[in-house]
Amino acid sequence: MAAPAGPSARAAEAEVSEEALAAALADVPELARLLETDPYLKPYAPDFQRRYKRFSKTLNDIGENEGGIDRFSRGYESFGIHRCADGGLYCKEWAPGAEGVFLTGDFNDWNPFSYPYKRLDFGKWELYIPPKQARSVLVPHGSKLKFKHSKPKKPKGLRIYESHVGISSYEGKIASYKHFTCNVLPRIKDLGYNCIQLMAIMEHAYYASFGYQITSFFAASSRYGTPEELKELVDTAHSMGITVLLDVVHSHASKNSEDGLNNFDGTESCYFHYGPRGTHILWDSRLFAYASWEVLRFLLSNIRWWLEEYSFDGFRFDGVTSMLYHHHGIGESFSGDYHEYFGLQVDEDALTYIMLANHLVHTLYPDSITIAEDVSGMPALCSPISQGGGGFDYRLAMAIPDKWIQLLKEYKDEDWNMGNIVYTLTNRRYLEKCIAYAESHDQALVGDKTLAFWLMDAEMYTNMSVLTPFTPVIDRGIQLHKMIRLITHALGGEGYLNFMGNEFGHPEWLDFPRKGNDESYHYARRQFHLTDDDLLRYKFLNNFDRDMNKLEERCGWLSAPQSYTYKIVLDSDAAEYGGHKRLDHNTEFFSEPFEHNNCPCSLLVYIPNRVALILRNLDLPN
């Protein structure tokens, strides 16, 4: 389990000369603010200086050679295949190692040589195909949907519903964009989530890869429907005030050569590093050469294309730990010692790309959101670029779900150490925002189980009916499920994430059709009908999740100030959540100046076993 970065003896003993510190402060505009927040980073000021100067130099080089990052990130407007005003086609590719490039398809009966490209400078190739007679187009194109609704403003408290379109139906099949738009979006809105994170949208040949082996970066997956139907999904979400994030995979690419970027120009390199550095040994995939000019153009243009073509509101960047380090995090425990985050093990080419990508996203659309999936806890990854940071808005609090799984596997709940739980939930870097979650898609995958299944296991098949008495296992499971999610929501970060279906205690696990399960779709679906059945107890968990989110919308505890007088506004022991009604909701609670856990004030609360409460601040307007 990775620990968030924190000071260490080695960091405290490290030294930096006054001259080096002064030079770093002069070069990085707001580095002083970062060092004031965390003085233990002072010995690493030259590292932040070097990173910021690399970012600035690359940005300036783009300006001098390409006319600025705005123009540079529009590569998709010239590269690829484009229809001209006269009905012809203009095609352009970067393939520096190729001896010849040809265009083939059903429009020319798959003749491999009838349309050769012309070689240009710097490894680029182009082709123009004139229109047919009467200006008819050679390759027809579908209609284009126009977005009707503007992007929502950035939420103060981010509540994310992590979603996969293909598994969003209870039927044993691949669900469609249309199905998600018509059936799942209304559920998300009703549950009080204000953001969707869409997984597995970038085209991938292997469905069971969960969308992480990308074969076509500039294509929405066709297995769910048409591009226009995905645009309709995003536009409909925007009409509901829901922010839509794309799970973007720029940490690696599929090694497929027939339908992917691998061996694109006939060489092992092109978009990727040559030799062992270009292959991820655990993922069996290719790794980008982030220092390459055309790779930067490709990836930055890809970011912009998803923002503008499909109107996404930001990204969750997958595999950031693999990008940040030459060792890709393999075999590393990340204790939190600061020396782990600086030095030769850091891939500063990739870090420069990360800074450029965040700069581009937030320059184009200031309300856009970027989230880093980083298990290492690198300091300043979510600090502004002007401070020498990575520029992300949030990072995933990945230690939290590990803690819950550890507790459920190894301890009875009466033996849980609340101090240790609270420490894990609050152990994060000051002013670097986190997305907290009790479980995501990772915990639901085959080989693991959802929290509900860890808690109730086989009894979920037989004892979830309201027509039968509570068994001890089901009673304990329902109460703890609510408590785990509530304390995570309240203490774990400045945002919250839930994987689709887990809000109502989805049973079993997630497994995509593959040879190992006889290509079955049985576990590649979400059984929403369980919570719609009024005779099943899943409705209690669903009701609690909905009211928890909607209460956060009213009270805003993800960004709440301190307060003094409180009253109960959410009680997991209430009857509508499958509880036992043991608390008086008219009771008022007062904080007093008695220091506890390094806080100046504390309050005393009567609370029965396996109960979680939300207390509202009565000193502030509702």
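Residues numbered from 1 in each chain as written. Predicted model: local features only at pLDDT ≥ 70, side-chain atom pairs only at ≥ 80, totals over all residues. Heavy atoms only, no water.

1. Structural notes on the packing of helix α11 (residues 399-410) against helix α12 (residues 418-426)
Move 1: At a closest axis distance of 9 Å, the pairing of α11 and α12 adopts a crossing angle of 160°. Relative to α12, the element α11 is oriented roughly antiparallel. The chirality of how α11 crosses α12 is left-handed. Contacts from Ala399, Ile400, Lys403, Trp404 and Leu407 of α11 reach α12 at Asn420, Ile421, Thr424 and Leu425. (Axes fitted to C-alpha atoms, helices over the stretch in contact; angles between N-to-C directions. Helix = DSSP H or I, 4+ residues; strand = E, 2+ residues; numbered from the N terminus. Parallel < 35°, antiparallel > 145°, perpendicular 65-115°, else oblique. Left-handed = near helix turned anticlockwise from the far one by under 90°. Contact = heavy atoms within 4.5 Å.)

2. A word on α12
Move 1: For α12, the set of buried residues is Ile421, Thr424 and Leu425. Projection of α12 onto a plane perpendicular to its axis shows the buried side chains occupying an angular sector of 100°, all on one side.
Move 2: Turning to α12, the residues buried within the fold contact α11 and α15 (472-491). (Buried < 20%, exposed > 50% of the residue type's maximum accessible area, 1.4 Å probe, protein only. Arc of directions from axis to C-beta.)

3. Quick word on the environment of Phe342
Move 1: Relative to the helices and strands, Phe342 is located in the loop between α9 (320-324) and α10 (348-364).
Move 2: Exposure remark for Phe342: the relative accessible area of 5% places this residue in the buried category.
Move 3: Once the C-alpha coordinates of Phe342 and Leu570 are considered, the two residues, 228 residues apart in sequence, prove to be 44 Å apart.
Move 4: Among residues more than four places away in sequence, those in contact with Phe342 are Leu41, Tyr44, Asp47, Phe48, Arg51 and Pro379.

4. Some thoughts on the sheet that holds strand β18 (residues 588-590)
Move 1: What the three strands build is an open sheet, ordered β18-β17-β19; its pairing is antiparallel. Strand pairing shows two members of the sheet lacking a second neighbour, β18 and β19 (613-617), which therefore form its edges. For this sheet, the mean inter-axis angle between neighbouring strands, taken without regard to orientation, is 45°.
Move 2: Relative to β18, strand β17 (residues 565-571) runs antiparallel, the two being bridged by three bridges. Note that in β18 the partner of Lys567 across the bridge is Glu588.
Move 3: On top of the sheet, helix α17 (residues 538-555) reaches β17 and β19; it is set at about 150° to β17, its chief contact. (Pairing = 2+ DSSP bridges.)

5. A short note on unusual backbone geometry
Move 1: One non-glycine residue with positive phi stands out, namely Phe210, at about 65°.
Move 2: Despite not being glycine, Ser311 shows a phi value in the positive range, around 60°.
Move 3: Locating Ser311 in the fold gives a position in the loop between α8 (293-309) and β12 (314-317).
Move 4: Overall, Ser311 belongs to the buried group, its relative accessible area being 9%.

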